[in-house]
Amino acid sequence: MTVAPSSLAMPQVHVYVDKAALVAAATDQVIELIRDAIATRGRCSIALSGGSTPKPLYQALAQTDLPWEQLYIYWGDERYVPATHADSNAKMTYEAWLNHVAIPAENIFTVPTETDSPNSSADQYQQALATSFDTTEIPAFDIILLGMGDDGHTASLFPHTEALNETERWVTVGQKADQPRITLTAPVINQARHVMFLVAGANKQTALSQVFAPTANSATYPARLVSPTGELRWLLDQDASAGLPASIERTLH
C-alpha cells in the first residue's frame with residue numbers, strides 16, 4: 001500500500017551533531033517524560049528498544065535519581081532467544097541499567113521467550129500487558145522508544161511481513177529471515193502518549209528519505225506505520241538527517 005501517514009505533518013524532528021549529543025538529549029527528554037508521567041498519573045510505563053543506540057541512554061539512566069517504584073518497564077520487541085543469550089534485548093538492558101537501580105522486580109515485564117513457540121510467547125506477553133495495565137482495550141504506554149533499521153523496520157516490524165498487517169493483536173511474531181521475534185504491533189505503538197525514535201548513522205539516510213516522503217510504501221518502509229495519537233519525536237544525528245527531504249522542518253542542536 002502507498003500511503004501518506006498523517007504523522008508526517010506532526011513529528012518533532014531534532015538533529016544533533018553526533019550520536020553522543022543525540023543520546024545526551026534523549027536522556028534529558030526521557031527523564032523529563034518519566035517525571036511528567038509520574039506527576040500526572042502516579043506511574044510511568046515505558047517500552048524499551050534494543051540495539052546499540054539506546055544502550056548509552058540506559059547507562060545514563062542508571063546514574064539518575066528517579067522514583068523507581070513508580071516506573072514500569074516493558075520491551076517493544078525481543079528476539080526469541082533465552083534471557084541469558086547475548087542477543088537478548090532484556091539482557092542488554094539489565095546489564096546497562098536495571099541491575100543498577102531499585103526498580104521493583106514486579107514492575108519489570110520481560111518478554112517470555114523460553115516458551116513452546118514464538119506464538120506462545122506473544123500470547124503470554126499480551127496477557128501480561130492486559131494484566132499489568134488492567135485493561136481489555138489497547139494499552140496506552142507513556143513512552144515507547146524506537147529505533148529504525150537501514151531497511152526501514154522498527155521494533156520487529158520488518159518489510160513485507162505478516163506482522164505489518166496485524167490490527168487486532170497487541171503482540172505478535174515478527175520475522176527477520178528465519179529468526180522469529182516478539183513485537184508490539186503498530187496499533188499499540190500508535191496508542192502511546194509519547195513515541196521517540198533514536199536514529200543514528202549515514203546508513204539510515206535512504207530509509208529516512210522514504211519514511212518522510214509525501215507518499216511511499218509502508219510495507220517496504222514499516223516505520224511509516226508509526227502515526228501515534230500522542231506525540232512523535234524523531235531524534236537524529238547529523239549523518240542520518242542528511243536523508244530527510246528538504247521540506248521537512250527540523251530543529252538543529
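Only a predicted model underlies this, so the values are computations on that prediction, with no experimental measurement involved. (Residues numbered from 1 in each chain as written. Predicted model: local features only at pLDDT ≥ 70, side-chain atom pairs only at ≥ 80, totals over all residues. Heavy atoms only, no water.)

What to know about the overall build of the protein
Move 1: Check the secondary structure of the protein and you find 7 helices and 12 strands.
Move 2: Considered along the principal axes of its C-alpha atoms, the protein spans approximately 45 × 40 × 35 Å.
Move 3: A sequence separation of at least 24 residues applies to 77% of the contacts in the protein between residues at least 6 apart.
Move 4: Of the roughly 10,800 Å² of accessible surface on the protein, a fraction of 48% belongs to carbon and sulfur atoms.
Move 5: If you average the places of the 15 positive and of the 27 negative side-chain charges in the protein, the two averages end up 4 Å apart. (Helix = DSSP H or I, 4+ residues; strand = E, 2+ residues; numbered from the N terminus. Contact = heavy atoms within 4.5 Å. Areas by Shrake-Rupley, 256 points an atom, 1.4 Å probe, with all protein chains shown as cover. Lys, Arg positive; Asp, Glu negative; His and termini not counted. Charge placed at Lys NZ, Arg CZ, Asp CG, Glu CD.)

Focus on the pairing of strand S6 (residues 143-146)
Move 1: Neither face of S6 is exposed, since Ile143 and Leu145 on one face and Ile144 and Leu146 on the opposite face are all buried.
Move 2: Here strand S3 (residues 44-48) pairs with S6 via 2 bridges, running parallel. Within S6, the residue paired with Ala47 across the bridge is Ile144. (Buried < 20%, exposed > 50% of the residue type's maximum accessible area, 1.4 Å probe, protein only. Pairing = 2+ DSSP bridges.)

Points about the environment of Gly243
Move 1: One can find Gly243 in the loop between helix H7 (238-241) and strand S12 (251-252).
Move 2: Between the C-alpha atoms of Gly243 and Leu208, which are 35 residues apart in sequence, the distance is 5.5 Å.
Move 3: With near-sequence residues (within four places) excluded, Gly243 lies in contact with Gln205, Leu208 and Ser209.

Focus on the pairing of strand S7 (residues 171-176)
Move 1: When S7 meets strand S8 (residues 179-184), the two strands line up antiparallel, connected through 6 bridges. What sits directly across from Thr172, in S8, is Thr183.
Move 2: Taking the residues that link successive antiparallel strands as the turn, the S7-S8 hairpin has 2 residues, and the phi of Ala177 there is positive, at about 55 degrees.

What about the pattern of salt bridges?
Move 1: Applying the stated criterion across every chain yields a total of 5 salt bridges.
Move 2: In this structure, Glu95 and Lys91 form a salt bridge, with 2.6 Å as the shortest nitrogen-oxygen distance. Linking Glu95 with Lys91, this pair stays in helix H3 (residues 89-96), spanning 4 residues, or about one helical turn.
Move 3: With a shortest N-O distance of 2.6 Å, Glu231 and Arg233 are connected by a salt bridge.
Move 4: Among the residues examined, Arg233 registers a relative accessible area of 10% and is labelled buried.
Move 5: Overlapping salt bridges bring together Arg41, Asp142 and Arg193 as one network. (Salt bridge = Lys/Arg side-chain N within 4 Å of Asp/Glu carboxyl O.)

A short note on the UniProt feature "domain: Glucosamine/galactosamine-6-phosphate isomerase" (unreviewed entry) in the protein
Move 1: Mapped onto this structure's residue numbering, the UniProt feature "domain: Glucosamine/galactosamine-6-phosphate isomerase" (unreviewed entry) falls at residues 18-234.
Move 2: Spanning residues 18-234, this segment combines 30% helix with 19% strand, and its end C-alpha atoms are found 14 Å apart. (UniProt positions renumbered as here; feature names shortened; annotations may be inferred.)

Here's the deal with helix H1 (residues 19-41)
Residues three or four positions apart in an α-helix share a direction because the helix packs 3.6 residues into each turn.
Move 1: Helix length check: H1 (23 residues) gives 32 Å between terminal C-alpha atoms against 33 Å at 1.5 Å per residue, within 8%.
Move 2: Within the span of H1, buried status applies to Leu22, Val23, Ala25, Ala26, Thr27, Gln29, Val30, Ile31, Leu33, Ile34, Ala37 and Ile38.
Move 3: Residue Asp18 occupies the N-cap position of H1, its side-chain oxygen lying 3.3 Å from the main-chain nitrogen of Ala20.
Move 4: A positive backbone phi angle near 80 degrees is found at Gly42, which sits one or two residues after H1. (Expected span 1.5 Å × (residues − 1). Polar contact = N/O pair within 3.5 Å; in protein donor to acceptor, adjacent residues only side chain to side chain.)

Considerations on the sheet that holds S6
Move 1: With parallel pairing, the 7 strands of this open sheet are ordered in space as S4-S3-S6-S9-S11-S2-S12. Pairing within the sheet leaves two strands with one partner each, and these edge strands are strand S4 (71-75) and S12.
Move 2: Here 2 bridges tie strand S2 (residues 12-16) to S12, and the two strands are oriented parallel to one another. Its bridge partner being in S12, His14 is matched across the sheet by Thr251.
Move 3: Sheet strands touched by helix H4 (residues 118-133): S3 and S4. Its angle to S4, the strand with the most contacts, is close to 160 degrees. (Axes fitted to C-alpha atoms, helices over the stretch in contact; angles between N-to-C directions.)

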